[in-house]
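Understanding the architecture of this molecule
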Amino acid sequence: LGDLLEALPGRECVLGGVEHCCAGDEGTVSRFRRSSRDGEELVEVTCARTGKVGVVALSSWMEAFRFVRRQTLQVGDLIRPLPGIDLVEGGIELYRPGDDGIITCFYKEAGTGEERVEVTWLRTGRKSDESAAWMRWFRLLPRNRSSQLHVS
């Protein structure tokens, strides 16, 4: 999970008439699952440009995508919400698509034990608590870019 892929030339994913990704788009591996129809192993890739999820057979993903790099979140990394992802709590906007947030810490949620991550949003200065399974909602920005920013 989290690996960055790029759709190969001539490839596109259109489901129900809606474009999910096309050649050159980058996407993050967001989930592995089995087909409910025949049990085939599938990989879900969340497109950074559209925020949509495309599905491809695990056995043939390399016919549609090329591997770009492994991605794991670390404190100090920058993330950006995908199209259609925003957060407003109590009438206060924390982030919206296009905003950048910096990972400030990781923790386990009391009671559930769920892995969580705290993010400070640069535009609003607000903090949010997000699932450590970030791949469906955020794009991890390249580290060379995030290393130039600091939260005070």
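These lines cover the structure that appears in this document, whether it is placed above or below. (Residues numbered from 1 in each chain as written. Predicted model: local features only at pLDDT ≥ 70, side-chain atom pairs only at ≥ 80, totals over all residues. Heavy atoms only, no water.)

Remarks on the pairing of strand 4 (residues 26–34)
With three bridges connecting them, strand 1 (residues 4–7) and strand 4 associate as antiparallel partners. Looking at strand 4, one finds that Leu5 is bridged to Gly27. In terms of strand pairing, strand 4 meets strand 5 (residues 41–47) through seven bridges, oriented antiparallel. Paired with Thr28 across the bridge in strand 5 is Thr46. (Pairing = 2+ DSSP bridges. Helix = DSSP H or I, 4+ residues; strand = E, 2+ residues; numbered from the N terminus.)

A closer look at the environment of Thr120
Tracing the sequence through the fold places Thr120 in strand 12 (residues 115–121). By relative accessible area, Thr120 is classed as buried at 7%. Placed 15 residues apart in sequence, Thr120 and Cys105 show a C-alpha to C-alpha distance of 9.7 Å. (Buried < 20%, exposed > 50% of the residue type's maximum accessible area, 1.4 Å probe, protein only.)

What to know about the nonpolar core
Core analysis: the largest hydrophobic core is formed by 16 residues, its most contacted members being Ile79 and Tyr95. Those elements giving two or more residues to this core turn out to be strand 10 (92–95), strand 12 and strand 14 (138–140). Not counting residues up to four positions away in its chain, the partners in contact with Tyr95 are Pro81, Ile85, Asp86, Leu87, Trp121, Arg123, Ser128, Glu130 and Phe138. Core analysis: the next-biggest nonpolar cluster, separate from the first, contains eleven residues, Leu5, Val29, Val43 and Val56 among them. (Core = buried A, V, L, I, M, F, W, Y, C linked by side-chain atoms within 4.5 Å. Contact = heavy atoms within 4.5 Å.)

Overview of the side chain of Thr46
Inspection of the secondary structure puts Thr46 in strand 5. Polar contacts involving the side chain of Thr46 include one to the side chain of Ser30, which spans 2.8 Å. (Polar contact = N/O pair within 3.5 Å; in protein donor to acceptor, adjacent residues only side chain to side chain.)

A word on the environment of Glu93
Relative to the assigned elements, Glu93 resides in strand 10. Spatially, the C-alpha atom of Glu93 lies 7.7 Å from that of Thr124, the residues being 31 residues apart in sequence. Once residues lying within four places of it in the same chain are set aside, the contact partners of Glu93 are Leu87, Val88, Arg123, Thr124 and Arg126. Reaching out from Glu93, the side chain makes a polar contact with the side chain of Arg123 at a distance of 2.6 Å.

Digging into the pattern of salt bridges
Counted by the stated rule, this structure contains 16 salt bridges. A salt bridge links Arg116 to Glu114; the nearest nitrogen and oxygen atoms lie 3.3 Å apart. The exposure class of Glu114 is partly exposed, given its relative accessible area of 30%. For Glu118, the salt bridge is made with Lys127, and the minimal N-O distance between the two is 3.8 Å. Several salt bridges share partner residues, and in doing so they unite Arg31, Arg33, Glu44 and Arg136 into one network. (Salt bridge = Lys/Arg side-chain N within 4 Å of Asp/Glu carboxyl O.)

Points about the sheet that holds strand 12
Strand order in this open sheet of five strands is 13-12-11-8-14, and the pairing throughout is antiparallel. The two strands at the open ends of the sheet, each matched to only one other strand, are strand 13 (127–131) and strand 14. Averaged over all adjacent pairs, the angle separating strand axes in this sheet is 40 degrees, with direction ignored. (Axes fitted to C-alpha atoms, helices over the stretch in contact; angles between N-to-C directions.)

Examining the state of the cysteines
What is meant by a disulfide is a covalent connection between two cysteines, made through their sulfur atoms. Within the structure shown, the criterion is met by zero disulfides. Lacking any disulfide linkage, Cys13 is separated from the closest cysteine sulfur, that of Cys21, by 5.0 Å. The class for Cys21 is buried, based on a relative accessible area of 10%. (Disulfide = S-S within 2.5 Å.)

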